[in-house]
Amino acid sequence: MDFAELVMHRRTVRRFEDTPVDRSVLEGIARLAQRTPSAGFSQGQRLVIVTDPKQRRRVAETCGESGYDEAGFGRWISECAAQFIPCVSEGIYHRRYQEPDKLDDDGSEIDWPTPYWWVDIGKTSMVLMLAAHDAGLAAGFAGPQDVPALKAVLGLPDEFHPVGVIPVGRPLPDKRSPSLKRGWLPLGEFAHWERW
Ligand SMILES: Cc1cc2nc3c(=O)[nH]c(=O)nc-3n(C[C@H](O)[C@H](O)[C@H](O)COP(=O)(O)O)c2cc1C
(Lines give C-alpha, C1' and ligand atoms only; values in the text may rest on other atoms or scores of the structure.)
Protein backbone atom coordinates (compact mmCIF):
# COMPACT_ATOMS: atom_id res chain seq x y z
CA MET A 1 0.00 0.00 0.00
CA ASP A 2 1.16 3.55 -0.76
CA PHE A 3 2.60 5.15 2.40
CA ALA A 4 0.26 8.18 2.46
CA GLU A 5 -2.73 5.89 1.96
CA LEU A 6 -1.50 3.62 4.76
CA VAL A 7 -1.19 6.54 7.19
CA MET A 8 -4.48 8.17 6.20
CA HIS A 9 -6.50 4.93 6.34
CA ARG A 10 -5.10 3.57 9.59
CA ARG A 11 -7.44 3.95 12.52
CA THR A 12 -7.83 2.49 15.97
CA VAL A 13 -10.07 -0.56 15.53
CA ARG A 14 -12.02 -1.97 18.48
CA ARG A 15 -13.45 -5.25 17.14
CA PHE A 16 -11.64 -8.18 15.54
CA GLU A 17 -12.28 -11.72 14.35
CA ASP A 18 -11.14 -14.16 17.00
CA THR A 19 -9.19 -16.17 14.45
CA PRO A 20 -5.47 -16.88 14.26
CA VAL A 21 -3.05 -15.16 11.90
CA ASP A 22 0.06 -16.99 10.64
CA ARG A 23 2.98 -16.63 12.99
CA SER A 24 5.14 -15.51 10.02
CA VAL A 25 2.82 -12.49 9.54
CA LEU A 26 2.99 -11.61 13.26
CA GLU A 27 6.78 -11.98 13.15
CA GLY A 28 6.90 -9.69 10.11
CA ILE A 29 5.02 -7.02 12.10
CA ALA A 30 7.44 -7.45 15.03
CA ARG A 31 10.45 -7.21 12.69
CA LEU A 32 9.25 -3.86 11.29
CA ALA A 33 8.44 -2.52 14.77
CA GLN A 34 11.97 -3.37 15.87
CA ARG A 35 13.35 -1.12 13.11
CA THR A 36 12.55 2.12 14.90
CA PRO A 37 15.30 4.48 15.96
CA SER A 38 16.32 4.83 19.59
CA ALA A 39 18.36 7.45 21.44
CA GLY A 40 22.03 6.39 21.40
CA PHE A 41 20.80 3.20 19.69
CA SER A 42 19.96 2.11 23.23
CA GLN A 43 17.26 -0.28 21.93
CA GLY A 44 15.40 -0.32 25.22
CA GLN A 45 12.17 -1.33 23.49
CA ARG A 46 10.76 -4.88 23.62
CA LEU A 47 7.55 -6.61 22.55
CA VAL A 48 5.56 -9.38 24.18
CA ILE A 49 3.26 -11.11 21.70
CA VAL A 50 0.31 -13.05 23.15
CA THR A 51 -1.74 -15.45 21.02
CA ASP A 52 -3.01 -17.96 23.62
CA PRO A 53 -6.74 -17.23 24.22
CA LYS A 54 -6.64 -17.66 28.02
CA GLN A 55 -3.56 -15.46 28.30
CA ARG A 56 -5.23 -12.87 26.04
CA ARG A 57 -8.20 -12.75 28.42
CA ARG A 58 -5.90 -12.27 31.41
CA VAL A 59 -4.06 -9.46 29.62
CA ALA A 60 -7.33 -7.81 28.53
CA GLU A 61 -8.71 -7.74 32.07
CA THR A 62 -5.72 -5.58 33.18
CA CYS A 63 -7.00 -3.02 30.64
CA GLY A 64 -10.55 -3.10 32.01
CA GLU A 65 -12.08 -5.13 29.18
CA SER A 66 -15.29 -5.87 31.14
CA GLY A 67 -15.92 -2.13 31.35
CA TYR A 68 -15.54 -1.73 27.58
CA ASP A 69 -17.90 -4.68 27.08
CA GLU A 70 -20.52 -3.10 29.36
CA ALA A 71 -20.15 0.17 27.41
CA GLY A 72 -21.01 -1.61 24.15
CA PHE A 73 -17.52 -1.97 22.65
CA GLY A 74 -17.45 -5.75 23.14
CA ARG A 75 -14.44 -7.85 24.10
CA TRP A 76 -12.13 -6.12 21.62
CA ILE A 77 -8.93 -6.51 23.64
CA SER A 78 -9.04 -10.30 24.10
CA GLU A 79 -10.89 -11.31 20.93
CA CYS A 80 -8.26 -10.84 18.23
CA ALA A 81 -5.45 -12.81 16.59
CA ALA A 82 -2.67 -11.54 18.85
CA GLN A 83 -1.89 -8.87 21.40
CA PHE A 84 1.37 -6.96 21.04
CA ILE A 85 2.53 -5.36 24.27
CA PRO A 86 5.26 -2.74 23.73
CA CYS A 87 7.51 -2.47 26.79
CA VAL A 88 10.42 -0.18 27.53
CA SER A 89 13.23 -0.07 30.07
CA GLU A 90 14.36 3.35 31.25
CA GLY A 91 17.33 1.61 32.89
CA ILE A 92 18.74 0.51 29.52
CA TYR A 93 18.90 4.20 28.48
CA HIS A 94 20.69 5.24 31.67
CA ARG A 95 23.21 2.41 31.27
CA ARG A 96 23.81 3.33 27.60
CA TYR A 97 24.29 7.00 28.49
CA GLN A 98 26.86 6.07 31.12
CA GLU A 99 29.08 4.64 28.35
CA PRO A 100 32.15 6.82 27.53
CA ASP A 101 30.88 8.20 24.18
CA LYS A 102 27.70 9.48 25.78
CA LEU A 103 29.02 11.09 28.95
CA ASP A 104 28.99 14.87 29.43
CA ASP A 105 32.35 16.72 29.43
CA ASP A 106 32.43 16.48 33.21
CA GLY A 107 32.01 12.69 33.02
CA SER A 108 28.42 12.61 34.21
CA GLU A 109 25.26 11.27 32.56
CA ILE A 110 23.44 13.87 30.46
CA ASP A 111 20.67 15.96 31.91
CA TRP A 112 17.91 14.35 29.85
CA PRO A 113 16.13 17.11 27.86
CA THR A 114 13.28 14.66 27.23
CA PRO A 115 12.75 11.11 28.56
CA TYR A 116 13.67 9.50 25.24
CA TRP A 117 12.51 6.03 26.37
CA TRP A 118 8.90 7.25 26.09
CA VAL A 119 9.61 8.79 22.69
CA ASP A 120 11.12 5.58 21.38
CA ILE A 121 8.44 3.18 22.58
CA GLY A 122 5.82 5.48 21.04
CA LYS A 123 7.59 5.15 17.69
CA THR A 124 7.76 1.38 18.09
CA SER A 125 4.02 1.31 18.75
CA MET A 126 3.22 3.46 15.73
CA VAL A 127 5.32 1.39 13.31
CA LEU A 128 3.68 -1.72 14.75
CA MET A 129 0.17 -0.41 14.10
CA LEU A 130 1.06 0.69 10.58
CA ALA A 131 2.75 -2.66 9.87
CA ALA A 132 -0.41 -4.48 11.00
CA HIS A 133 -2.48 -2.32 8.67
CA ASP A 134 -0.04 -2.90 5.82
CA ALA A 135 -0.40 -6.67 6.38
CA GLY A 136 -4.16 -6.35 5.73
CA LEU A 137 -5.00 -6.46 9.44
CA ALA A 138 -6.03 -3.80 11.93
CA ALA A 139 -4.84 -2.73 15.37
CA GLY A 140 -6.26 -1.07 18.48
CA PHE A 141 -4.60 0.46 21.53
CA ALA A 142 -5.71 -0.09 25.10
CA GLY A 143 -3.97 1.62 27.98
CA PRO A 144 -3.34 -0.71 30.93
CA GLN A 145 -5.39 0.19 34.02
CA ASP A 146 -3.39 -2.09 36.30
CA VAL A 147 0.28 -2.03 35.29
CA PRO A 148 1.53 -4.27 38.16
CA ALA A 149 -1.11 -6.90 37.23
CA LEU A 150 -0.14 -6.73 33.54
CA LYS A 151 3.54 -7.09 34.43
CA ALA A 152 2.72 -10.12 36.59
CA VAL A 153 0.57 -11.78 33.88
CA LEU A 154 3.39 -11.33 31.34
CA GLY A 155 6.22 -12.18 33.73
CA LEU A 156 8.04 -8.98 32.74
CA PRO A 157 11.46 -8.28 34.24
CA ASP A 158 10.96 -5.52 36.81
CA GLU A 159 12.74 -2.80 34.79
CA PHE A 160 10.34 -3.09 31.84
CA HIS A 161 7.20 -0.96 31.67
CA PRO A 162 4.30 -2.00 29.39
CA VAL A 163 2.89 1.14 27.76
CA GLY A 164 -0.18 -0.43 26.21
CA VAL A 165 -1.85 -3.48 24.75
CA ILE A 166 -2.23 -3.50 20.96
CA PRO A 167 -4.75 -6.10 19.79
CA VAL A 168 -4.18 -7.08 16.16
CA GLY A 169 -6.47 -9.06 13.88
CA ARG A 170 -8.90 -9.06 10.99
CA PRO A 171 -11.19 -6.06 11.54
CA LEU A 172 -14.93 -6.28 12.19
CA PRO A 173 -17.44 -3.39 12.31
CA ASP A 174 -16.91 -1.63 15.65
CA LYS A 175 -18.29 1.09 17.88
CA ARG A 176 -16.42 4.34 17.28
CA SER A 177 -14.80 6.20 20.15
CA PRO A 178 -16.77 9.29 21.24
CA SER A 179 -13.39 11.11 21.35
CA LEU A 180 -13.40 11.24 17.54
CA LYS A 181 -16.14 13.92 17.70
CA ARG A 182 -13.29 16.30 18.57
CA GLY A 183 -12.15 16.11 14.93
CA TRP A 184 -8.65 16.75 13.62
CA LEU A 185 -6.97 20.10 14.30
CA PRO A 186 -6.56 22.29 11.23
CA LEU A 187 -3.05 21.74 9.76
CA GLY A 188 -2.21 25.39 10.48
CA GLU A 189 -2.72 24.85 14.19
CA PHE A 190 -0.57 21.71 14.16
CA ALA A 191 2.29 22.82 11.89
CA HIS A 192 4.07 26.16 12.43
CA TRP A 193 6.44 27.54 9.81
CA GLU A 194 9.80 29.18 10.62
CA ARG A 195 8.64 29.90 14.21
CA TRP A 196 5.55 29.49 16.40
C1 LIG B 1 -1.14 6.59 23.98
C2 LIG B 1 -2.54 6.19 23.55
C3 LIG B 1 -3.41 5.65 24.46
C4 LIG B 1 -4.68 5.25 24.07
N5 LIG B 1 -5.48 4.61 24.97
C6 LIG B 1 -6.67 4.14 24.55
C7 LIG B 1 -7.47 3.39 25.45
O8 LIG B 1 -7.10 3.13 26.59
N9 LIG B 1 -8.67 2.94 25.00
C10 LIG B 1 -9.12 3.18 23.74
O11 LIG B 1 -10.19 2.73 23.38
N12 LIG B 1 -8.36 3.89 22.85
C13 LIG B 1 -7.15 4.36 23.23
N14 LIG B 1 -6.37 5.07 22.34
C15 LIG B 1 -6.84 5.31 20.96
C16 LIG B 1 -7.23 6.75 20.73
O17 LIG B 1 -8.48 7.01 21.32
C18 LIG B 1 -7.26 7.00 19.24
O19 LIG B 1 -5.97 6.80 18.70
C20 LIG B 1 -7.73 8.40 18.89
O21 LIG B 1 -9.05 8.58 19.28
C22 LIG B 1 -7.62 8.68 17.39
O23 LIG B 1 -8.32 7.71 16.67
P24 LIG B 1 -7.65 6.91 15.49
O25 LIG B 1 -6.45 6.17 16.06
O26 LIG B 1 -8.72 5.97 15.00
O27 LIG B 1 -7.21 7.89 14.44
C28 LIG B 1 -5.10 5.45 22.73
C29 LIG B 1 -4.22 6.03 21.81
C30 LIG B 1 -2.94 6.38 22.19
C31 LIG B 1 -2.01 6.96 21.17
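Residues numbered from 1 in each chain as written. Predicted model: local features only at pLDDT ≥ 70, side-chain atom pairs only at ≥ 80, totals over all residues. Heavy atoms only, no water.

Trainee: Explanation requested: the site of the ligand in the structure shown.
Mentor: Near the ligand, the surroundings consist of Arg 10, Arg 11, Thr 12, Arg 14, Tyr 68, Trp 76, Phe 141, Ala 142, Gly 143, Leu 180 and Trp 184. Arg 14 places a polar side-chain atom, nitrogen or oxygen, 2.7 Å from an oxygen atom of the ligand. Taken by itself the ligand offers 620 Å² of open surface, and the protein chains cover 59% of this. Counted by class, the shell around the ligand contains six nonpolar, two polar and three charged residues. (Near = heavy atom within 4 Å. Polar contact = N/O pair within 3.5 Å; in protein donor to acceptor, adjacent residues only side chain to side chain. Areas by Shrake-Rupley, 256 points an atom, 1.4 Å probe, with all protein chains shown as cover. Nonpolar A, V, L, I, M, F, W, Y, C, P; charged D, E, K, R; others polar.)

Trainee: What should I look at first to understand the packing of helix 3 (residues 53–61) against helix 7 (residues 147–154) in this one?
Mentor: When two helices pack together, their arrangement is given by the angle between the helix axes and by the axis-to-axis distance. Two numbers describe how helix 3 lies on helix 7: the axes approach to 9 Å, and their chain directions differ by 165 degrees. Here helix 3 is positioned roughly antiparallel relative to helix 7, judged by the angle of their axes. Here helix 3 and helix 7 pass one another in a crossing that is left-handed. Every residue of helix 7 that contacts helix 3 at Gln 55, Arg 58 and Val 59 is listed here: Leu 150, Val 153 and Leu 154. (Axes fitted to C-alpha atoms, helices over the stretch in contact; angles between N-to-C directions. Helix = DSSP H or I, 4+ residues; strand = E, 2+ residues; numbered from the N terminus. Parallel < 35°, antiparallel > 145°, perpendicular 65-115°, else oblique. Left-handed = near helix turned anticlockwise from the far one by under 90°. Contact = heavy atoms within 4.5 Å.)

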